[in-house]
Amino acid sequence: MLNPLPDSDFWRGRRVLVTGYTGFVGGWGCYWLHRLGAVVSGYALRPASEPSFHDVMQLSGLIAGTLGDVRDLAQLRAAVAAARPEIVFHLAAQPIVRQAYRDPVETFSTNVMGSVNLLEALRGIPDLGAIVVFTTDKVYRNLDRPWPYRESDPLGGDEPYSASKSATELVCEAYRNSYFARAAKPVPLLTIRAGNIIGGGDWSADRLLPDAVRAFAKGAPLVLRNPNSVRPWQHVLEPVRGMLALAEAAVAGKVDDHEGWNMGPAGDDATTVGELADIAAGIWGKGATWRVEGDGSIPEANLLTLDSHRIAEAAGWRTAWSAPRAVENSIAWYRDQLHDADMRQATAAQIDSYCDDVRGSNR
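A.B. asks: How would you summarise unusual backbone geometry if you had to cite specific residues and measurements?
C.D. replies: Of the consecutive residues glutamate 50 and proline 51, the connecting peptide bond is found in the cis state with omega at 5 degrees. The topology assignment puts proline 51 in the loop between strand E2 (39-44) and helix H3 (53-56). Of note in this structure, arginine 84 is not a glycine but carries a positive phi near 45 degrees. Along the chain, arginine 84 turns up in the loop between helix H4 (73-83) and strand E4 (87-90). You will see that aspartate 206, though not glycine, has its phi angle at about 60 degrees, which is positive. Examined against the element boundaries, aspartate 206 turns out to sit in the loop between strand E7 (197-198) and helix H8 (208-217). Residue aspartate 206 is classed as partly exposed on the basis of its relative accessible area, which comes to 28%.

Pasting the structure below:
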């Protein structure tokens, strides 16, 4: 029997630090943690988009946030010392593949050295129970093979973004083996390799669903570069639930933290870019459509799927929403925001609906 949902007794009153809290995934994570009763602190740059999930949700009124750069070790040390975290979720990153091509120095310095700085700042923190670091499903040496990648498969990096995240995995391995596993009280250090994440509140450039919403709202076609590429799409609530489940399992000593942890839909649930665009256009209606305009400037893998059986067995996690359901709820969130709905209430309703579906899928 899977243990499908976060344990509110575990999280209530627990001190949690989230880097990248002004971002899309970090924002959803902070709001769910707040609802669970955790004492949440954040460290991040200002929101990278206007609007942003952070601002729409007015998260500054719910958590103690510090605006800062993970490349600034002194400021990061001070924020960590003030937060006195028991659990840390590291999501601060430069997350856009095409931006990494445009500015590899920023990408490597943020993703690699930012992670080094955080782990350095966490050494010796009392009461620290677990560290969970987000990398990406793109850490694998991608050979466009027809079966899902497993955590034991070799890492790679054919372009700056994936290389920076593969390097982050090596940084975590080095700090785990050299410091955290050797501490008087060992601290589990885990990495999450999540598939492509969609959901309301993401306004990043060069991402499929935000690009679709922007285009459809203007009555313009969505422009796709590679409609036949297969990706493991999942709603943002899936990896957020997964990171909470991993942290709980790590503190309880139930997981082996010597490898990363895949999080994505089953391989046969992976969907092409074009199929996801069709779903989004159909849900949006009003004649929404898309067209292809490949520029060939950036090589991209044609096929990427994940084997997530390890986290299902160890921490009771598997996806609950299909790709169509994930897109439906994402677009519903954007529409609520466009119509000036109470977005805290709308987001809480989506979390509650998702939890109901998780319970149903595990009966």
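A.B. asks: Any details on the packing of aromatic side chains? Residues and values, ideally.
C.D. replies: Under the criterion given, the structure shown has 12 aromatic pairs. Here the aromatic rings of tryptophan 11 and phenylalanine 89 are separated by 6.1 Å at their centres, their planes lie at 35 degrees, and the arrangement is tilted. In this pair, tryptophan 11 is assigned in helix H1 (residues 8-11) and phenylalanine 89 in strand E4, connecting sequence segments 78 residues apart. Per residue, the accessibility class of tryptophan 11 equals that of phenylalanine 89, and both read buried. Here the aromatic residues Trp28, Phe53, Trp203, Trp333 and Tyr334 are joined through ring pairs into a cluster of three or more. The lysine or arginine in question, arginine 123, covers the ring of tyrosine 179, its NZ or CZ lying 3.8 Å from the ring centre. Across from the ring centre of tryptophan 284, 4.6 Å away, lies the NZ or CZ of arginine 335, which sits over that ring.

Cut-offs and rules
Per chain, residues are indexed from 1 in the order of the written sequence. Restriction of local features to residues with pLDDT of at least 70 applies here, the model being predicted, together with a cutoff of 80 or more for giving and counting side-chain atom pairs; totals for whole chains, interfaces and linings are based on all residues. Only hydrogens and water are set aside when side-chain values are computed; all heavy atoms of the structure are taken into account. Every helix listed is a DSSP run of H or I at least four residues long, and every strand listed is a run of E at least two residues long, numbered separately from the N terminus. For every residue, the accessible area obtained with a 1.4 Å probe (protein chains only) is divided by the maximum for its type, and the residue is called buried under 20%, exposed over 50%, and partly exposed between those limits. Ring pairs are drawn from Phe, Tyr and Trp, using the six-membered ring of Trp, whenever the two centres fall within 6.5 Å, and their geometry is named by plane angle: stacked under 30 degrees, edge-to-face over 60, tilted for the rest. We call a charge positioned above a ring when the Lys NZ or Arg CZ atom is no farther than 6 Å from the ring centre and deviates by at most 35 degrees from the ring normal.

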